[in-house]
Amino acid sequence: MILCCGEALIDMLPRETAAGEAAFAPHAGGAVFNTAIALGRLGAPVQFFSGLSSDLFGTILRDQLTTSGVDASPAAISDRPTTLAFVTLTNGHASYAFYDENTAGRMLTPADLPDTQAEALFFGGISLVVEPCAAAYEALMLREAPRAVTMIDPNIRPGFIKDEAAYRARLDRMLAAADIIKISDEDLAWISGDTDAAALRAKTGATVVLLTRGADGVTVVTATGHFDVPAVKATVVDTVGAGDTFSAGFLANLDAQGLLRKSVLRAADRDALARATAFGARVAAVTVSRAGANPPWASEL
C-alpha cells in the first residue's frame, strides 16, 4: 500500500465562455492529491491522507478519489472550507494564487495522524509550507521513515511561502529522512542555488534522487553514480500535474517490480530504476498532452 500525504484542493482553471468572457472552472487538484489519483488510475494500491472538507468542493474531491480507485478513509473530515487555487497559464506553464486560511487541509494537526502499515508514503506540495498542517506531515514522515519507504517532492511555490527560514528548515529535515527525492531543476535551484543533484543526494543520504528537467528528461542519482532518462515526446497543452503524475508512475512501477521496501530499494539496480523512471516519464507525457491535471488510466498506456 502507498499512502499519499498532503493537500487536496480545487484548482480554478482559466477558461473562456461562449461569449468570450474570462472565467474559471473548478477542478479537483493539489500536488499530492494528483499523485494519489494517478496511482489509483494506474492500478496501484493507494490511500490518501489529508484534511478534507464536508463542503461542496470537499465532496468533489472525495468523489474523484473514489472514482479513481483511491481509499480516502485515512483522511480527517471537517466542516472547514476547501482550499482554492486560482491558476493562470503563461505559455502552458502554471502559476497559482491560493486561498487557504482556516481551511480543512491547512488546519490538520498531529492529533489527526492515522495509524498506517503502508509500505511507502509520499509527501510534498504546499502542505509542507503552512502551519499547523506542515508540522503534522513532518511528524508523520519522521514517525514512519524508520520502517517504510518515504518519498518527497517539495513542488515549491515561492509565492506561497511566508516564513522562508522555517520552511527551509522543515525541508532539510524531511529531505534527510527521505529514501526517494523527486525534485525539479527549478526547485533544486531555489533550495541550494544550483542544480547539483549529486550534492543533494550526498547531503541527504537518499537512496535515489530524481532530478526532473522538463523536456530534457530526468537525471537519476544514486550512491553509485547517475544516468539520464529521456522525456517522452508530447504535444504540450499545459504542465499542470506533470510532476505529480511522474511521481505516481515511478512509485507504481517500483511497486510492480516489488521494490517498495527499504532494504530492497537500497539494492535496486540501474535497470530497475531506469524502468521506473521511464514509466513515470511515459505517464507524465499523457498528462501534459491534455488540459489540467488529468492523469491517464492504465488502459490508456
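Each chain carries its own residue numbering, running from 1 in the written order of its sequence. For this predicted model, a pLDDT threshold of at least 70 governs which residues receive local features, and a threshold of 80 or more governs which side-chain atom pairs are given and counted, while totals over whole chains, interfaces and linings are taken from all residues. Calculation of side-chain values draws on the structure's entire complement of heavy atoms; hydrogens and water are dropped beforehand.

The next thing to look at is the state of the cysteines. In this description, the term disulfide denotes a pair of cysteine sulfurs within 2.5 Å. For the coordinates displayed, the defined rule picks out zero disulfides. Of all cysteine sulfurs in the structure, the one in Cys4 sits closest to Cys5, which takes part in no disulfide; the separation is 7.1 Å. Considering cysteine sulfurs only, Cys5 is the nearest to Cys133, which forms no disulfide, with 12 Å between them.

Attention now moves to the environment of Gly20. Secondary structure elements follow DSSP: runs of H or I no shorter than four residues count as helices, runs of E no shorter than two count as strands, and numbering proceeds from the N terminus. Positionally, Gly20 belongs in the loop between strand S2 (9-16) and strand S3 (22-29). Exposure categories follow from relative accessible area, calculated using a 1.4 Å probe and restricted to protein chains: below 20% of the type maximum is buried, above 50% is exposed, and the middle band is partly exposed. When its relative accessible area of 41% is taken as the criterion, Gly20 is described as partly exposed. Residues Gly20 and Leu301 lie 281 residues apart in sequence; the distance between their C-alpha atoms is 35 Å.

One requirement defines pairing of two strands: DSSP has to find at least two bridges between them. Strands sit in the order S4-S1-S9-S10-S11-S12-S13-S14 across an open sheet of eight strands; the sheet is mixed. Pairing within the sheet leaves two strands with one partner each, and these edge strands are strand S4 (46-49) and strand S14 (225-229). In this sheet, adjacent strand axes meet at a mean angle of 20° when their direction is disregarded. Where strand S10 (residues 149-153) and strand S11 (residues 180-184) come together, two bridges link them in parallel fashion. Bridging across to S11, Met151 finds its partner in Ile180. By definition in these notes, contact holds between two residues if any of their heavy atoms fall within 4.5 Å. Throughout, an axis means a line fitted to C-alpha atoms (over the contacting stretch in the case of helices), and angles, computed between N-to-C directions, take values from 0 to 180 degrees. Packed on one face of the sheet, helix H9 (residues 270-288) meets strand S12 (208-212), strand S13 (218-222) and S14 and runs near 35° to S14.

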